[in-house]
There are 2 protein chains.
Amino acid sequence: MAVVDRREQVLHAAAQSFSLFGYKATTMDQVAKIANVGKGTIYTFFENKEELFDEILLGAIRELRHRAEAEIHAERPFFENVYHALDTIVEFREEHELFLKLSQELRDIGTPQAKAALFKVESVVLQFLERLIRESMDKGAIREGNAEVIAFGILKLFIAMTVEWDMHHPPMRKEELKEHIFTFLTQGFTAAP
Amino acid sequence: MAVVDRREQVLHAAAQSFSLFGYKATTMDQVAKIANVGKGTIYTFFENKEELFDEILLGAIRELRHRAEAEIHAERPFFENVYHALDTIVEFREEHELFLKLSQELRDIGTPQAKAALFKVESVVLQFLERLIRESMDKGAIREGNAEVIAFGILKLFIAMTVEWDMHHPPMRKEELKEHIFTFLTQGFTAAP
DNA sequence: GAATGACCAAATTGTATTTTTAGTCAATCC
DNA sequence: GGATTGACTAAAAATACAATTTGGTCATTC
């Protein structure tokens, strides 16, 4: 390792720039400038812009997964685990500059890399949920079923009730959200007997 | 009424053109040509392009609502009514040229009028669902709750399991879809005792 | 008096020109 | 002598501007 770790410098600068300006508006010149490094140096560590971006994205995804996993407690009921994990994920996504910027970039100019990145994030969340569901089924905590489809449904339902609902309504209180998700996941709408 | 009903001619031509080319690519000259009518004639019946479009859209929405309502039978369980109504709505949306074209237009070029139109369609579907839910609550067929939120959740869940799922997976069989929707709406995932 | 299409301002599209950007590589540095 | 660099290039993107298209009008026609 050199006196100053140039690779780390580049990564740090790139993380900053991608979070602040998004994929497209981040230029390699700018990253080099922020990192106090010649532009050529970047290319000794990363093939190209996309690979550099992938590295940054992977870091963010790793943290997202980490936070979600921290919400899983084997002794807690399935529903509580799902709810808290999803709540954490949505909150993290709404706080993390990179995700915010990429969403905005996708909306505003439809950058393919932003689209691909957010799709990757969704895939990871789905994988996470699917595993949680599978394990809960194995433990007999919930009924058997197609874990992939169920994960997909639960995620979309949660996104709908939080992000999408808030787009045209005053945001729901957390307890109300939890109650609704609870209804869908544990009992449905059949009238109490 | 004149020998030929020019208003009807215009409406018919407009319906054809909007369905075939979408909102933006439909020109008033073209509508006039198809309708065998001078362009000025259109403006004796409709204020402007948007109003003409609104008339066509309203017609399509009226038919959509009509079909959905035909799926509601008071003696059938709530869940069956919801499932068949939504199935009909999604199918109609996937068949009707106008809706298809508007969705494509929104994806490809983001025409504001296409966005507004599809939002209007969703609002109507939500209203329809909300009413069905309210009435079922009043009848005691399902548990009490916030009908608007529940309608929103059910619609998004259904769209997710049909349209969105099919975008990245082989489409679900109808029975499988019905079973999953059934699970969410009537019992949830709690393990059988 | 209903219907029309030539007409116009505004918006859209096409195009030529300039600027910016990702990526390279010969020269430089330590 | 391998790591580092920034001037350089081809390609892409932004800009400026000309040409065309389009929604809407209204004097004229039927």
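As a reminder, the structure under discussion sits directly above these lines.
The structure presented is a predicted model; accordingly, all values stated were derived computationally and were not measured. (Residues numbered from 1 in each chain as written. Chains lettered and ligands numbered in written order. Predicted model: local features only at pLDDT ≥ 70, side-chain atom pairs only at ≥ 80, totals over all residues. Heavy atoms only, no water.)

Near DNA strand D there are 15 residues, and of these R6(A), T41(A), M28(B), K39(B) and K49(B) occur at the shortest range. By atom count, sugar and phosphate contribute 64% of the portion of DNA strand D lying within 4 Å of the protein. Here a phosphate oxygen of DNA strand D sits 2.9 Å away from a polar atom, N or O, in the side chain of K24(A). G40(A) places a polar main-chain atom, nitrogen or oxygen, 3.3 Å from a base oxygen of DNA strand D. Listed by contribution, the elements that provide at least two residues to the surface near DNA strand D are α3 (39-45) of chain A together with α3 (39-45) of chain B. Looking at the surface near DNA strand D residue by residue, the class counts come to 3 nonpolar, 7 polar and 5 charged. (Near = heavy atom within 4 Å. Polar contact = N/O pair within 3.5 Å; in protein donor to acceptor, adjacent residues only side chain to side chain. Helix = DSSP H or I, 4+ residues; strand = E, 2+ residues; numbered from the N terminus. Nonpolar A, V, L, I, M, F, W, Y, C, P; charged D, E, K, R; others polar.)

For the rest of this paragraph, the subject is the packing of aromatic side chains. The relative placement of two aromatic rings is captured by the distance of their centres and the angle of their planes. Tallied over the entire structure, the rule returns 18 aromatic pairs over all chains. Residues Y23(A) and F53(A) carry aromatic rings whose centres are separated by 5.0 Å and whose planes lie at 70° to one another, so their mutual orientation is edge-to-face. Residue Y23(A) is found in the loop between α1 (6-21) and α2 (28-35), and its partner F53(A) is found in helix α4 (residues 49-69); the two are separated by 30 residues along the sequence. Residue Y23(A) is classed as buried on the basis of its relative accessible area of 7%. Judged by relative accessible area, F53(A) falls into the buried class, the value being 3%. A ring pair is formed by F92(B) and F99(B), whose centres lie 5.9 Å apart and whose planes are at 75°; its orientation type is edge-to-face. A relative accessible area of 1% places F99(B) in the buried class. Aromatic rings pair up to connect F79(A), Y83(A), F158(A) and F182(A) into one cluster. Seen from the ring of Y23(A), K49(A) lies directly overhead, with NZ or CZ sitting 4.4 Å from the centre. (Phe/Tyr/Trp six-rings, centres within 6.5 Å; stacked < 30°, edge-to-face > 60°. Buried < 20%, exposed > 50% of the residue type's maximum accessible area, 1.4 Å probe, protein only. Lys NZ or Arg CZ within 6 Å of the ring centre and 35° of its normal.)

Attention now moves to empty space enclosed by the protein. A probe as big as a water molecule, rolled over the atoms, marks out the empty space that is left. Per the counting criterion, the structure on display carries 2 cavities of 30 Å³ or more. What the largest cavity holds in volume is close to 40 Å³. In this structure, the largest cavity is lined by L64(A), R65(A), A68(A), I89(A), V124(A), V125(A) and F128(A). Mapped onto the lining of the largest cavity, the elements with two or more residues apiece are α4 and α7 (112-138) of chain A. Taken as a whole, the second largest cavity holds about 40 Å³ of empty space. Of all the secondary structure elements, the ones that give two or more residues to the lining of the second largest cavity are α4 (49-69) and α7 (112-138) of chain B. (1 Å grid on protein atoms, 1.4 Å probe; cavity = no way out; pocket = protein on both sides within 12 Å on 5 of 7 lines; lining within 4 Å. Points joined across faces, edges and corners; volume = space filled by probe spheres on them.)

Residue and element names in this part refer to chain A. The contact between helix α5 (residues 78-95) and helix α8 (residues 147-168) brings their axes to 11 Å, and the two run at 55°. Considering their axes alone, α5 and α8 lie oblique with respect to each other. Regarding α5 and α8, the two cross each other, and that crossing is right-handed. Taken together, the residues of α8 that come into contact with α5 (itself represented by F78, V82, Y83, L86, D87, V90 and E94) are I154, L155, F158, I159, T162 and V163. Looking at side-chain class alone, the contact of α5 with α8 contains 10 nonpolar, 1 polar and 2 charged residues. (Axes fitted to C-alpha atoms, helices over the stretch in contact; angles between N-to-C directions. Parallel < 35°, antiparallel > 145°, perpendicular 65-115°, else oblique. Left-handed = near helix turned anticlockwise from the far one by under 90°. Contact = heavy atoms within 4.5 Å.)

Aligned on chain A, chain B shows an RMSD of 0.0 Å; the corresponding rotation is 180° and the shift along the axis is 0.0 Å. Both copies of the chain, as the preceding transformation shows, are related through a two-fold rotation axis. Minimal C-alpha separation from the rotation axis in chain B is found for Q187(B), amounting to 2.2 Å. Both copies contact each other with a shared surface, as 100% of the interface residues of chain B are interface residues in chain A too. (Least-squares fit on C-alpha atoms with pLDDT ≥ 70 in both.)

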